[in-house]
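# Summary of structural features
So the chains spell out like this:
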Amino acid sequence: MLRDTLSRRSTLALVAGSAITGAGIATTSADDEVDGDESVSRDSHVILEGTDHETTVYTTEAQADGPTVLVVGGVHGNEVAGYATANEIAKWAIDAGTLVTIPEANATAVDQQGRAGADGVDLNRQFPESSEPQTELARGLWDVVLENEPDIVIDLHESTGIYAGDPVDGVGQAIFRSNSPDATTTAQDAVDHVNGEYVDESDPLFEIGNFTRSGVEPSGLLVHKATRDLDADAFLVETLSTDHDLETRVEWQSVIVERLVEDALFPEEEPDNGHGSGDDIDEDEESADEDDEFTEDEQTDDDASDSPTAEIETDPAGAKDHSLEPGQTVTLDGTCAETPNEAIEAYEWSVYSADQYNKTGETIDVTIAKDGEYSVGLRVVDETGATGKTKITLSTE
Ligand SMILES: [Zn+2]
């Protein structure tokens, strides 16, 4: 729980009985922490001063040594939860390491509430690998990256849809992550945590995404360059901005970032930061708790003997094995699902995306928007609430 984690870094606020509510957690905790007896040092400075793009970089340093984390928001100015969350993260107290935050990376875009800012270009395509960033703003931001040599880079975004099939900007709830085993494990943990504790059943679940390969569009992303040029673990977080209020999206993003940086900035053993070290023995207990959570999840999913079996039939038949054309519509039929229990009650489809159930119905039509490979999943729920899942890939190749 986020609240457990908060207790480690805002003990004062909790003891004082401050109103830390689930919904307003990012705001409340940050304010309380700033008032607290902090052992961090804080600094901020403006970059690109005197240009249209001037913006503030916040640095928070703990007394205890540790990794450096860079959190960026506002690369796209219309993705509000990204910079709202980053502005709160800039105020976080940390137990170890260094937290560098650029909440409004593209300040004119944030002002205009647009994807692009004064220079009219998509900032998140201006960071080619192995060469200089392509705009004045991108170079200014990259200089901050180079100065700080972050071990972890997190870029906060939002998406207006989950149908676009674009692997970065049209996918809704996702954590895209660089390839290292550490980044993969951490992202999976964050996804499990936010889905398990904070995402309602009716909301689209977060999923893990891969970065596009080098040379494959979209390219020139800040997170790509950070991992490929500097070997940082990098994450791009997307919340779905439609259908959910800002407070919920900020909470999701805060929880995700907190989980992604937990080992780096909030290590279990809190060395030499004034909070005492008597908590060390709790470490085993806490990890045991986490194991329990995962076991519980697995058991729920593993209840296979009573679960229905989902199956997808396509019209044209065998569409998953055929090359499809952009513009072509395929009808998907889930009624061949079987259940050992009562009847199937719900057919939920995740179109172009794993596990985000964005359509319902026994049959649905899916139109191939453009060249590419698209994942479509089906989850069937029977009268007992047992579920079965399957997935097919529709491809133009
Ligand atoms: Zn974006």
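Quantities reported herein were computed from a predicted structural model and do not represent experimental measurements.

Rules of the game
- Residues numbered from 1 in each chain as written.
- Predicted model: local features only at pLDDT ≥ 70, side-chain atom pairs only at ≥ 80, totals over all residues.
- Heavy atoms only, no water.
- Phe/Tyr/Trp six-rings, centres within 6.5 Å; stacked < 30°, edge-to-face > 60°.
- Helix = DSSP H or I, 4+ residues; strand = E, 2+ residues; numbered from the N terminus.
- Buried < 20%, exposed > 50% of the residue type's maximum accessible area, 1.4 Å probe, protein only.
- Lys NZ or Arg CZ within 6 Å of the ring centre and 35° of its normal.
- Pairing = 2+ DSSP bridges.
- Axes fitted to C-alpha atoms, helices over the stretch in contact; angles between N-to-C directions.
- Contact = heavy atoms within 4.5 Å.
- Donors = N, O, S within 2.8 Å, 3.2 Å for Na, K, Ca; no water.
- Right-handed = clockwise from strand over helix to strand, strands pointing away.
- Salt bridge = Lys/Arg side-chain N within 4 Å of Asp/Glu carboxyl O.
- Parallel < 35°, antiparallel > 145°, perpendicular 65-115°, else oblique.
- Left-handed = near helix turned anticlockwise from the far one by under 90°.
- Nonpolar A, V, L, I, M, F, W, Y, C, P; charged D, E, K, R; others polar.

### Some details on the packing of aromatic side chains
The description of an aromatic ring pair uses the distance of the two centres, along with the angle that the planes make with each other. Here the structure, examined in full by the defined rule, presents three aromatic pairs. When the centroid spacing of 5.7 Å and the interplanar angle of 85° are considered together, the rings of F206 and W252 count as edge-to-face. Note that F206 is positioned in the loop between α7 (181–197) and β7 (207–210) and W252 in helix α9 (residues 246–260), a separation of 46 residues in sequence. Here F206 matches W252 in class, with each residue buried. The residue whose ring lies beneath K225 is W142, and the NZ or CZ to ring-centre distance is 5.0 Å.

### Remarks on the sheet that holds strand β4 (residues 96–102)
Strand order in the open sheet formed by eight strands is β1-β2-β4-β3-β5-β8-β6-β7, with mixed pairing between adjacent strands. The strands lining the two open edges of the sheet, one partner per strand, are β1 (41–47) and β7. Averaged over all neighbouring strand pairs, the angle between strand axes comes to 20°, with direction disregarded. As judged from the four bridges shared by strand β2 (residues 55–61) and β4, these two strands associate in the antiparallel manner. When the sheet's bridge partners are listed, Y58 is paired in β4 with T101. On the sheet, helix α8 (residues 222–230) packs against β3 (64–72), β5 (152–159) and β8 (233–240) and is oriented at approximately 165° with respect to β8. In this fold α9 packs onto β3, β5, β6 (174–177) and β8, with an angle of close to 160° to the strand it touches most, β5.

### Focus on the coordination of the zinc ion
Ideal donor angles around a metal are set by the shape: a four-donor tetrahedron calls for 109.5 degrees, a six-donor octahedron for 90 or 180 degrees. Looking at the zinc ion, one finds its protein donor set to be H76 (ND1), E79 (OE), E79 (OE) and H157 (ND1), positioned 2.0 to 2.5 Å from the metal centre. Along the chain, the residues donating to the zinc ion fall in the pattern H-x2-E-x77-H. With E79 in the loop between β3 and α4 (80–89) and H157 in strand β5, the pair connects residues that are 78 residues apart, well separated along the chain.

### Description of the pairing of β7
Covered by surrounding structure in β7 are E207 and G209 only, the residues I208 and N210 on the alternate face being uncovered. Bridge count between β6 and β7: four bridges; the pairing is parallel. Bridge pairing in β7 links F176 to G209. After leaving β6, the chain enters α7 and then returns to the sheet as β7, a path that is right-handed.

### As for the pattern of salt bridges
Under the criterion given, the structure shown has eight salt bridges. When the shortest N-O distance is used, the salt bridge between D122 and R115 registers 2.9 Å. E348 is the salt-bridge partner of R379, the closest N and O atoms lying 2.7 Å from each other. On the criterion of sequence distance, the pair formed by R379 in strand β14 (residues 373–382) and E348 in strand β11 (residues 344–351) is long-range, its members being 31 residues apart. For the pair shown, R379 and E348 are each scored as buried.

### Quick notes on the packing of α4 against α9
Where α4 meets α9, the closest approach of the two axes is 9 Å, and the angle between their N-to-C directions is 55°. Classified by the angle between their axes, α4 and α9 sit oblique to one another. Along this stretch, α4 crosses α9, giving a crossing that reads as right-handed. Together, V80, A81, G82, A84, T85 and I89 of α4 and L246, R249, V250, Q253, S254 and V257 of α9 make up the contact between the two elements. In terms of residue class, the contact of α4 with α9 is built from seven nonpolar, four polar and one charged.

### Concerning the side chain of K225
Of note, K225 is situated in helix α8. Apart from the residues lying within four places of it in its own chain, the contact partners of K225 are F127, P128, E129, S130, S131, P133, W142 and L230.

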